[in-house]
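Structural overview for review
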Amino acid sequence: HTVASVLGCAWMPPLPVLMFHPPEQNNELVAVGSLLPPDPDRIVLKRIVLTGYPFKINKRKSTVRFMFYNPEDIRWFKPVELWTKYGKTGTILEPLGTHGYMKTLFDTPLQHSDTVCMSLYKRVFPKENGEARNKATGATAANS
């Protein structure tokens, strides 16, 4: 599911929503959806995926590189779960050396063509700038 925040007039669901490209472009329909009810407990998250590649594979254990570049970062992110593009899950065991290599343990053996991923989430707050607020209410900078 995708949720978009809009600063504008107050509407209550159920209400269909149509999203278009700006008129300067081709004015093409981009998305269709419906309005969600207002919820003060809703949290908007931004997801970032860090990727690395298996360097050596020994049964379920593997050495992964190019995800981090120093051992302090590996120790910091050790509790975070790893996953691969082929659906395997794993954990970080320990850092190797000083260049960001790390030992990992997965539920099944990896393949050399696999990519090791780590999802990181960050809470995102709506931007509060006067320009967007004025555009939504129709006010000018002199009026606000």
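Everything here concerns the structure above.
None of the values given here were measured: they were computed from a predicted structure.

**Considering the overall build of the chain**
Per the secondary structure count, the chain includes two helices and eight strands. Of the regular secondary structure in the chain, the N- to C-terminal order runs β-β-β-β-α-β-β-β-β-α. Across the 144 residues of the chain, 19% fall into the buried class. Within the chain, contacts between residues separated by at least 24 positions form 56% of all contacts whose residues are at least 6 apart in sequence. Split by element, the accessible area of the chain, about 11,200 Å² in all, is 57% carbon and sulfur.

**A word on unusual backbone geometry**
With omega at 0°, the peptide bond leading from Pro-13 into Pro-14 counts as cis. By the secondary structure assignment, Pro-14 is in the segment before strand 1 (16-20). Of note, the phi angle at Lys-59 is positive, near 55°, even though the residue is not glycine. Structurally, Lys-59 can be placed in the loop between strand 3 (45-58) and strand 4 (61-65).

**A closer look at the pattern of salt bridges**
Going through the model one piece at a time under the given rule, you end up with one salt bridge. One salt bridge in this structure joins Glu-94 and Lys-103, with 3.3 Å as the shortest N-O distance. Taking the relative accessible area as the measure of exposure, Lys-103 reaches 33% and is therefore partly exposed.

**Considerations on the nonpolar core**
In globular proteins that are soluble, nonpolar side chains generally tend to be buried together. In terms of nonpolar packing, the biggest core is built from 12 residues, these being Val-64, Met-67, Phe-68, Ile-74, Phe-77, Leu-82, Ile-92, Met-102, Phe-106, Leu-110, Val-116 and Met-118. Elements with a contribution of two residues or more to this core: strand 7 (101-106) and strand 8 (116-123). The residues contacting Phe-77, other than those within four sequence positions of it, are Phe-68, Ile-92, Met-118 and Leu-120.

**Notes on a nonpolar patch on the surface**
Taken together, the side chains of Leu-18, Phe-20, Leu-29 and Val-32 present a nonpolar region at the surface, about 420 Å² in accessible area. At the level of secondary structure, the elements contributing two or more residues to the nonpolar patch comprise strand 1 and strand 2 (29-34). Of note, Val-32 is situated in strand 2.

**Brief notes about the sheet that holds strand 3**
Sheet architecture is closed into a barrel: six strands sit in the order 3-4-7-6-5-8, paired in antiparallel fashion. Neighbour-to-neighbour, the strand axes of the sheet open up by a mean angle of 45°, direction not taken into account. Strand direction decides the pairing type here: strand 3 and strand 8, joined by eight bridges, are antiparallel. The residue of strand 8 that forms the bridge with Thr-51 is Cys-117.

Definitions and limits used
- Residues numbered from 1 in each chain as written.
- Predicted model: local features only at pLDDT ≥ 70, side-chain atom pairs only at ≥ 80, totals over all residues.
- Heavy atoms only, no water.
- Helix = DSSP H or I, 4+ residues; strand = E, 2+ residues; numbered from the N terminus.
- Buried < 20%, exposed > 50% of the residue type's maximum accessible area, 1.4 Å probe, protein only.
- Contact = heavy atoms within 4.5 Å.
- Areas by Shrake-Rupley, 256 points an atom, 1.4 Å probe, with all protein chains shown as cover.
- Salt bridge = Lys/Arg side-chain N within 4 Å of Asp/Glu carboxyl O.
- Core = buried A, V, L, I, M, F, W, Y, C linked by side-chain atoms within 4.5 Å.
- Patch = residues over 30% accessible without salt bridge, like charges linked within 9 Å, V, L, I, M, F, W, Y side chains within 5 Å.
- Pairing = 2+ DSSP bridges.
- Axes fitted to C-alpha atoms, helices over the stretch in contact; angles between N-to-C directions.

By themselves, these are just geometric observations and shouldn't be taken as functional.
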